[in-house]
Amino acid sequence: MIWAQDSSGGIGMGGTLPWHLPEDLAFFREQTRGHAVVMGRKQWESLPERVRPLPGRRNIVLTRDASYEAPGAETVRSLADALARVAGERAWIIGGGQVYAQAIDDADELVVTTIDGDYDVDVHAPVIGEDWTLVAREPGAGWTTAANGMRYAVERYERTGG
Ligand SMILES: NC(=O)c1ccc[n+]([C@@H]2O[C@H](COP(=O)([O-])OP(=O)(O)OC[C@H]3O[C@@H](n4cnc5c(N)ncnc54)[C@H](OP(=O)(O)O)[C@@H]3O)[C@@H](O)[C@H]2O)c1
C-alpha cells in the first residue's frame with residue numbers, strides 16, 4: 001500500500017488531497033509505474049481527468065455499483081476479486097481511506113510519506129500496528145524540504161517477523 005499522510009494520519013479532505021506536494025506525486029508515479037493499482041471508486045473520481053486512468057499502470061476500481069463505468073479501468077465488486085486479479089504480480093493499493101482500512105491485513109509492504117504539519121482532513125490512514133516494522137526512512141532523520149517549503153519524509157514498513 002502507498003499513501004501520504006499528515007502528522008496526525010490525515011489523508012483526504014472533501015474528496016481530494018489536503019495539500020499539493022509535487023515531489024510526492026512524482027514519487028508515487030515512480031513507485032507504481034508498470035504495476036497494477038487498486039483503488040476505491042472515490043479515489044478514482046478524485047483523479048484529474050488527464051491521469052484517469054493512471055497511465056502505464058493496470059487500473060482496478062472497487063465499487064459495489066454493478067453499472068458503474070470507469071473507462072480505461074477494470075471495475076471489481078469486492079476486495080477479494082481485486083486481489084485475485086493481481087495474484088502473482090506486484091500491485092499497489094492506492095486508497096482511499098475505506099480501501100486502505102480493508103486492505104491493510106492483506107498488504108505486505110507500506111510506503112508512507114509523512115508530511116510535517118496538520119491539515120483539515122475528513123479521511124484518515126489506517127493505524128500502523130505492531131504487526132508492522134519500520135525498515136527504512138528517507139531521509140534517515142529530519143525531513144526533506146520540498147520546493148514549496150513543505151517538509152516530508154518517506155517511510156517503508158514490512159510485516160514484523162516477515
Ligand atoms: N493521501 C493519500 O495518499 C490518499 C490516497 C488515496 C486517496 N486519498 C483521499 O482519500 C479520499 C477518498 O477516500 P474514501 O475513503 O472517501 O473513499 P475510497 O476508499 O477511495 O472509495 C470508497 C468507495 O470504494 C468502493 N468500495 C470500498 N470498499 C469496497 C469493497 N470492499 N467492495 C466494493 N467496493 C468497495 C465503494 O464504492 P461505491 O460507493 O461506488 O460502491 C466506496 O464508496 C479522498 O479525499 C482522496 O483524496 C488520499
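Here we summarise the structure given alongside this text. (Residues numbered from 1 in each chain as written. Predicted model: local features only at pLDDT ≥ 70, side-chain atom pairs only at ≥ 80, totals over all residues. Heavy atoms only, no water.)

1. Some remarks on the pattern of salt bridges
Okay, so step 1: All chains considered together, the criterion is met by 10 salt bridges.
Okay, so step 2: Across the pair R58 and E74 runs a salt bridge, and its minimum N-O distance is 2.6 Å. Taken together, the positions of R58 in strand β4 (residues 58-62) and E74 in strand β5 (residues 74-76) put the pair 16 residues apart, joining distant regions of the chain.
Okay, so step 3: Overall, R58 belongs to the partly exposed group, its relative accessible area being 29%.
Okay, so step 4: Taking the shortest distance from any N to any O, the salt bridge between E155 and R137 comes out at 3.4 Å. With E155 in strand β11 (residues 151-159) and R137 in strand β9 (residues 132-138), this residue pair connects regions lying 18 residues apart in the sequence.
Okay, so step 5: Given a relative accessible area of 14%, E155 falls into the buried group.
Okay, so step 6: Bridged by salt links that share partners, the residues R58, E74, D81, R85 and E89 form one connected network. (Salt bridge = Lys/Arg side-chain N within 4 Å of Asp/Glu carboxyl O. Helix = DSSP H or I, 4+ residues; strand = E, 2+ residues; numbered from the N terminus. Buried < 20%, exposed > 50% of the residue type's maximum accessible area, 1.4 Å probe, protein only.)

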